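One letter stands for each residue in the lines below.
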Amino acid sequence: ATQRVLPQSKETLLQNYNKRLKDDIRSILDNFTEIIKTAKVEDETQVSRATQAEQDHYEMHVRAANIVRAGESLMKLVSDLKQFLILNDFPSVNDAISHRNQQLRALQEECDKKLISLRDEIAIDLYELEEEYYSSSCGQWDGVELPLCEAFHRQDSWGSSSTTSDPLRANTENSDRLGTQESMQRHLNGHGSSTSEQS
C-alpha cells in the first residue's frame, strides 16, 4: 500500500508526538540512571556522610518525580494518539461509509424487486377485471364500450332518473301520450258532429 501524504498540520502534529515520545523516554532513562549512581557508596569527602545522604535522598525524590512526570506524559501521549487516530482515520471512516452504502443499496434493490412484483400482480388482476367487465352487459352502452369510471357513473344515474337517462324510452312514452290525446280528440269531434246533425 502506498503511504498517504498527510497535510502539513497533521505532519507537524505527528512530529510533535514523536518528539514528546523520545523526550519522555530519555527523561525516564536518564533519571533512573542517576538514581542508580546515587545509590553507590562513595569514599569520604569534605561533606559529611549525613549531609551527603540527605542530599542523595532529596535528589532521588526529585528524579523519581521526574520519572513519574515522564510516565504521565507518555500516558497523555497515548490518549492523544488514540484521539488523533479516531478523528483522522479517514480510510476506516470511508470503509464504514462504503459498507453502509452497500447495505442500503441492497435494501433498495430488494424493495424495488418487491414493488415491481406487486405492480405486475396488480396489472394482471386489473386486466382480468377489465376483461370480465367488458364481457358483461354493464360494460356496453348503445353498442359502445365505456370506460369503467363512465359506466359506474351512468349506472348510478340509472337508479335516480331512469326515464331521463334513456332517450329512446322517453321518446316512446312521449309518442304514446300524443297518440292517446289525438284519439281522444277525434272521438270527441265525431261525437259532437253527430249531435249537431241530429238537431
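Anything mentioned here points back to the structure above.
Keep in mind that what you see is a predicted model, and the values were worked out from it rather than measured. (Residues numbered from 1 in each chain as written. Predicted model: local features only at pLDDT ≥ 70, side-chain atom pairs only at ≥ 80, totals over all residues. Heavy atoms only, no water.)

Some points on the packing of aromatic side chains
To be explicit about the condition: Whether two aromatic rings pair depends on their centres lying within 6.5 Å, for rings of Phe, Tyr and Trp, where Trp uses its six-membered ring; planes under 30 degrees apart make the pair stacked, over 60 edge-to-face, and the rest tilted. Helical segments are the DSSP runs of H or I of at least four residues, strand segments are the runs of E of at least two, and each set is numbered from the N terminus. The buried label goes to any residue with under 20% of its type's maximum accessible area, the exposed label to any with over 50%, and the partly exposed label to all in between, with areas taken from a 1.4 Å probe on protein chains only.
For the structure on display, the rule yields two aromatic pairs. Seen from their ring centres, Y17 and F84 are 6.2 Å apart, and the 85° between their planes marks the pair as edge-to-face. Note that Y17 is positioned in helix α1 (residues 8–38) and F84 in helix α2 (residues 49–88), a separation of 67 residues in sequence. F84 matches Y17 in its accessibility class, with the two residues each being buried.

Brief notes about α2
The criterion, for reference: How far a helix is expected to stretch is found by multiplying one less than its residue total by 1.5 Å.
For α2, with 40 residues, the first-to-last C-alpha span of 57 Å sits near the 58 Å given by 1.5 Å per residue. For α2, every residue scored as buried is listed here: D56, A70, S73, L74, L77, D80, F84 and N88.

Remarks on the environment of V78
Inspection of the secondary structure assignment puts V78 in helix α2. With a relative accessible area of 42%, V78 lands in the partly exposed category. On a C-alpha basis, the gap between V78 and L21 in space is 9.5 Å, while along the polypeptide they are 57 residues apart.

Points about the pattern of salt bridges
Definition in use: Just to be clear on terms, a salt bridge is a Lys or Arg side-chain nitrogen sitting within 4 Å of an Asp or Glu carboxyl oxygen.
Summed over the entire model, instances satisfying the criterion amount to nine salt bridges. R63 is the salt-bridge partner of E34, the closest N and O atoms lying 4.0 Å from each other. Residue E34 is located in helix α1, and its partner R63 is located in helix α2; the two are separated by 29 residues in the primary sequence. Classification of E34 as partly exposed rests on a relative accessible area of 26%. Across the salt bridge formed by R119 and D120, the nearest N and O atoms sit 3.4 Å from each other. Take D120: its relative accessible area is 35%, and that puts it in the partly exposed class. When salt bridges that share partners are traced, they join E34, K37, E59 and R63 into one network.

Nothing here speaks to function; it is all geometry.
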